[in-house]
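Read off the chains here:
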Amino acid sequence: MPRRPRQLAESEIYHAMVRGVNRDAIFLDNEDFEHFLASLARVRDASGCSVLAYCLMTNHVHLVVRTADEPIGTVMKRLGVRYAG
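Residues numbered from 1 in each chain as written. Predicted model: local features only at pLDDT ≥ 70, side-chain atom pairs only at ≥ 80, totals over all residues. Heavy atoms only, no water.

Bringing helix α1 (residues 30-47) into the picture now. With 18 residues, α1 extends 26 Å from end C-alpha to end C-alpha; this agrees with the ideal 26 Å at 1.5 Å per step. For α1, the set of buried residues is Phe36, Ser39, Leu40, Val43 and Ser47. Looking down the long axis of α1, one finds its buried residues gathered within 105° of arc, a one-sided arrangement. Turned more than 90 degrees away from the buried face of α1, the exposed residues are Asn30, Glu31, Glu34 and Asp45. Contacts made by the buried residues of α1 are with β2 (50-56), β3 (60-66) and α2 (72-84). Positive phi shows up at Gly48, right after α1, with a value of about 80°. (Helix = DSSP H or I, 4+ residues; strand = E, 2+ residues; numbered from the N terminus. Expected span 1.5 Å × (residues − 1). Buried < 20%, exposed > 50% of the residue type's maximum accessible area, 1.4 Å probe, protein only. Arc of directions from axis to C-beta. Contact = heavy atoms within 4.5 Å.)

Structure (structure tokens):
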């Protein structure tokens, strides 16, 4: 059964998570954390969003993002592709 469509917030503020497959680690060392933060900064600049807060854990990430020019789905896709690439 497919998930229901995401409801867009009037405030344009979202709590988003990125999690490793099977909850496996997505950060293996400090360089991975730094690469993710650099990717996040590039996505922020490209999409016009604001990162209000973040928490990087070994196997997942919490983000609080205010969108601007692009919807949250596009912002998160940009981030995932940039970090994985």
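Let us now look at the nonpolar core. If you look at the biggest cluster of nonpolar residues, it comprises 16 residues, and the most contacted ones within it are Phe27, Phe36, Val61, Leu63, Met76 and Leu79. Put simply, the parts of the chain that give this core at least two residues each are β1 (13-19), α1, β3 and α2. Examining the composition of this core, we find that five residues originate from one element, α2, more than from any other. Setting aside residues no more than four positions away along its own chain, Phe27 makes contact with Asp32, Phe33, Phe36, Leu56, Met57, Thr58, His60, Val61 and Tyr83. (Core = buried A, V, L, I, M, F, W, Y, C linked by side-chain atoms within 4.5 Å.)

Take the pattern of salt bridges next. Scanning all chains against the criterion turns up two salt bridges. A salt bridge links Asp45 to Arg44; its shortest N-O distance comes to 3.1 Å. Among the residues examined, Asp45 registers a relative accessible area of 56% and is labelled exposed. Between Glu70 and Arg78 there is a salt bridge, with its nearest N and O atoms 2.8 Å apart. (Salt bridge = Lys/Arg side-chain N within 4 Å of Asp/Glu carboxyl O.)

Here β2 pairs with β3 via six bridges, running antiparallel. For Val51, the partnering residue across the bridge sits in β3 and is Val65. Counted along the chain from β2 to the antiparallel partner β3, the turn is three residues long. (Pairing = 2+ DSSP bridges.)

Moving on, we get to the sheet that holds β2. Reading across the sheet, the three strands line up as β1-β3-β2 and stay open at both edges, with antiparallel pairing between neighbours. Two strands bound the open sheet, and with one partner strand each, they are β1 and β2. If you compare each strand with its neighbour and ignore which way they point, the axes differ by 15° on average. When β1 meets β3, the two strands line up antiparallel, connected through seven bridges. (Axes fitted to C-alpha atoms, helices over the stretch in contact; angles between N-to-C directions.)

Mapped onto the elements of the fold, Ser39 is located in helix α1. The class for Ser39 is buried, based on a relative accessible area of 0%.

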